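Spelled out, the chains give:
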Amino acid sequence: MKPFLRSQLERYAQRLQELDFLLSREDIMADMAQYRAISREHADVTAVAGRYARYQQREADLQGAREMLHEPDMAEMAQEEITAAEAELVQLEDELQRLLLPKDPDDARNAFMEIRAGTGGDESALFAGDLARMYTRYAATVGWRVEIMSANESELGGYKEVVLRIEGDHVYGALRFESGGHRVQRVPATETQGRIHTSACTVAVMPEPDEQQAITLNPADLRIDTFRASGAGGQHINKTDSAVRVVHLPTGIVAECQDGRSQHSNKAKALQVLQARIQEKERSERAAKEAALRKGLIGSGDRSDRIRTYNFPQGRLTDHRINLTLYKLLAIMEGDLGEVLQALQHAREAELLAELETAV
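Thresholds applied
- Residues numbered from 1 in each chain as written.
- Predicted model: local features only at pLDDT ≥ 70, side-chain atom pairs only at ≥ 80, totals over all residues.
- Heavy atoms only, no water.
- Helix = DSSP H or I, 4+ residues; strand = E, 2+ residues; numbered from the N terminus.
- Buried < 20%, exposed > 50% of the residue type's maximum accessible area, 1.4 Å probe, protein only.
- Contact = heavy atoms within 4.5 Å.
- Axes fitted to C-alpha atoms, helices over the stretch in contact; angles between N-to-C directions.
- Parallel < 35°, antiparallel > 145°, perpendicular 65-115°, else oblique.
- Left-handed = near helix turned anticlockwise from the far one by under 90°.
- Nonpolar A, V, L, I, M, F, W, Y, C, P; charged D, E, K, R; others polar.
- Pairing = 2+ DSSP bridges.
- Phe/Tyr/Trp six-rings, centres within 6.5 Å; stacked < 30°, edge-to-face > 60°.
- Lys NZ or Arg CZ within 6 Å of the ring centre and 35° of its normal.

**A word on the side chain of Glu280**
- By the element assignment, Glu280 lies in helix H9 (residues 263–293).
- Overall, the relative accessible area of 9% leaves Glu280 in the buried class.
- Apart from the residues lying within four places of it in its own chain, the contact partners of Glu280 are Val205, Met206 and Pro207.

Structural data, given as structure tokens:
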């Protein structure tokens, strides 16, 4: 194990003793807010300190087994223990590295995913529909729930723009690196000469804000319009102005929702999306400033970053940020995204680990 990792882990063992002492104090126990905060930290520190104690135990086991190798009647048993201990130490070190990495509190949140057709006209809108279907199918495989917040459908199918709300465990953390430009190369259904066309969509993934945060928007900064919803929906939609569009006047950011059955529910959803977009704008501006100082491998998540190409004639998906190429495009479009998301997560962890090492 690298010395800088070991020194970091030693601090966790010391911190655990401090937290044990704090939790035993009567004044801490009397202040429930402080007690809960320390209890949460205690749980996190205990997880790391416990795994490090196991690592140290297996190091001692390995040393003992190596010493037994010199005893003829114990050599075979010692070799088995050496093999087992070395394998577990590798696994524990990898686990401890991940536990030490800084955590983004937004990673555990639900997410809004905005998919917008770009260059390519109708073909781009069809591709936006394919991407929405891909993410929806992936969500189903991992037990997430997907809800369409708003959709602007194209005449030939697909979407000019669609906003999905994805609810489940660790959604934003898993999907955050999908933000950026997605390019498709294929023969469109409307192409009579069989020529390959290139078109593009942009994807933005935003953590869902707390419900209270949407309410804290200053009403004076908002213009709220109601209008008659378009598209399928039966008599109810045709007779009432239930669709809602909310404009944030200081930034010009707009959100609308027409999917719900009532104006009240549509307004609540639109406010949630608006708050997420405002927060995302602030986050993007911060990320752009950081990127000017240090260009991360994964990128800033800006829409202008071309992150991925979907080449249908070759059955190939290429993620340009980490030079990942997979020749199983049809399976990926059916929701088999796990390998791509995991590769991006591992690349980000490697970045964070490198930053942690240089900071020590």
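**Observations regarding the packing of helix H1 (residues 3–23) against helix H3 (residues 32–68)**
- Two elements in contact, H1 and H3, have axes whose closest approach is 8 Å; the angle formed by their N-to-C orientations is 135°. The angle between the axes of H1 and H3 places the two elements in the oblique class. Considering only the axes of H1 and H3, their crossing is left-handed.
- Classifying every residue of the contact of H1 with H3 by side-chain character gives 13 nonpolar, four polar and six charged.

**Notes on the sheet that holds strand E7 (residues 243–248)**
- Read from one edge of the open sheet, three strands run E6-E7-E8, paired in antiparallel fashion. A strand with exactly one partner marks an edge of an open sheet, and here the two such strands are strand E6 (222–227) and strand E8 (253–257). Pairwise comparison of adjacent strand axes, ignoring direction, gives a mean angle of 15° for this sheet.

**Some thoughts on the environment of Gly121**
- Relative to the helices and strands, Gly121 resides in helix H5 (residues 121–141).
- Separated by 39 residues in the primary sequence, Gly121 and Lys160 have C-alpha atoms spaced 8.9 Å apart.

**Brief notes about the packing of aromatic side chains**
- The full count for this structure, using the stated rule, is two aromatic pairs.
- Plain terms: the ring middles of Phe127 and Tyr310 are 5.3 Å apart, the flat faces sit at 70° to each other, and that makes the pair edge-to-face. Placement of the pair is Phe127 in helix H5 and Tyr310 in strand E9 (residues 306–311), with a sequence separation of 183 residues. The exposure classification of Phe127 matches that of Tyr310, with both residues buried.
- For the pair Tyr138 and Trp144, a centre-to-centre distance of 5.7 Å together with 80° between the ring planes defines the contact as edge-to-face.
- Relative accessible area serves as the criterion here: at 11%, Trp144 is assigned to the buried category.
- A cation sits over an aromatic face here: Arg186 above Phe312, 5.0 Å from the ring centre.
- For the cation-ring pair, Arg245 lies above Phe227, with the distance from its terminal atom to the ring centre recorded as 4.4 Å.

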